[in-house]
Amino acid sequence: TLVSKTMIGAPPLIPTIAEAKAGAAIGTHSSSRALKDKYVPERTPQLMAMTTLSATTHRPFAAVPGGVLCRDAASGLVVGAVGVSGASADEDEHCALVGAQACGFATEPATSALGDL
């Protein structure tokens, strides 16, 4: 199930980017920041192959901060992901973390690059 909330007047590509960030997180069970950090720059060709494969299978995928993996706080099981886009990547990720943690989820990453949540 996909739930999308978009600010009135937001450029039309923004929700697609947010979905792709969440898709990367849920598809790999890691945050979109962790993907970027793992593959760029040393393994960029592998990341490009993953991105291409995702496009050919119609699965949204963007390895840019803003996609946060959500786990059940008690069991640790993956329950979903949150993707945010429209500001800087660090601000997008911060917003995703605040929202997911406010819902009681354990998140990956657990902390924001911008500081306190």
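Look up a bit, the structure's there.
Model, not experiment: these values are computed from the prediction.

(A) Layout of the overall build of the chain. Scanning the chain for helices and strands turns up four helices and three strands. Secondary structure elements of the chain occur, N-terminal to C-terminal, as α-α-α-β-β-α-β. Taken against the 2.2 N^0.38 rule, which gives 13 Å for 117 residues, the C-alpha radius of gyration of the chain at 14 Å falls within 12% of a compact globule. Burial statistics for the chain: of 117 residues in total, 29% are counted as buried. At a minimum sequence separation of 6, the contacts of the chain that also span at least 24 residues come to 55%. Carbon and sulfur atoms make up 62% of the accessible area of the chain, which totals about 6,900 Å². Between the mean site of the 8 positive side-chain charges and the mean site of the 10 negative ones, the chain shows a separation of 7 Å.

(B) View of the pattern of salt bridges. As enumerated under the stated definition, the model contains five salt bridges in all. For D90, the salt bridge identified is with R33, shortest N-O distance 2.4 Å. Here D90, found in helix α4 (residues 89-102), pairs with R33, found in helix α2 (residues 32-39); they are 57 residues apart in sequence, far enough to count as distant. Given the relative accessible area of 17%, R33 is considered buried. If you follow the salt bridges from partner to partner, you end up with R33, D90 and E93 in one network.

(C) Region of the structure containing unusual backbone geometry. Look at the link from V40 to P41: it is a cis peptide, with omega at 5°. Within the secondary structure, P41 is located in the loop between α2 and α3 (44-56). Look at the link from E108 to P109: it is a cis peptide, with omega at 5°. Here P109 shows up in the segment after β3 (106-108). Positive phi is not limited to glycine here, since H29 has a value of about 55°. Tracing the backbone shows H29 in the loop between α1 (13-28) and α2. Positive phi outside glycine occurs at H58, with the angle close to 60°.

Definitions and cut-offs
Residues numbered from 1 in each chain as written. Predicted model: local features only at pLDDT ≥ 70, side-chain atom pairs only at ≥ 80, totals over all residues. Heavy atoms only, no water. Helix = DSSP H or I, 4+ residues; strand = E, 2+ residues; numbered from the N terminus. Rg over C-alpha atoms; globule rule 2.2 N^0.38 Å. Buried < 20%, exposed > 50% of the residue type's maximum accessible area, 1.4 Å probe, protein only. Contact = heavy atoms within 4.5 Å. Areas by Shrake-Rupley, 256 points an atom, 1.4 Å probe, with all protein chains shown as cover. Lys, Arg positive; Asp, Glu negative; His and termini not counted. Charge placed at Lys NZ, Arg CZ, Asp CG, Glu CD. Salt bridge = Lys/Arg side-chain N within 4 Å of Asp/Glu carboxyl O.

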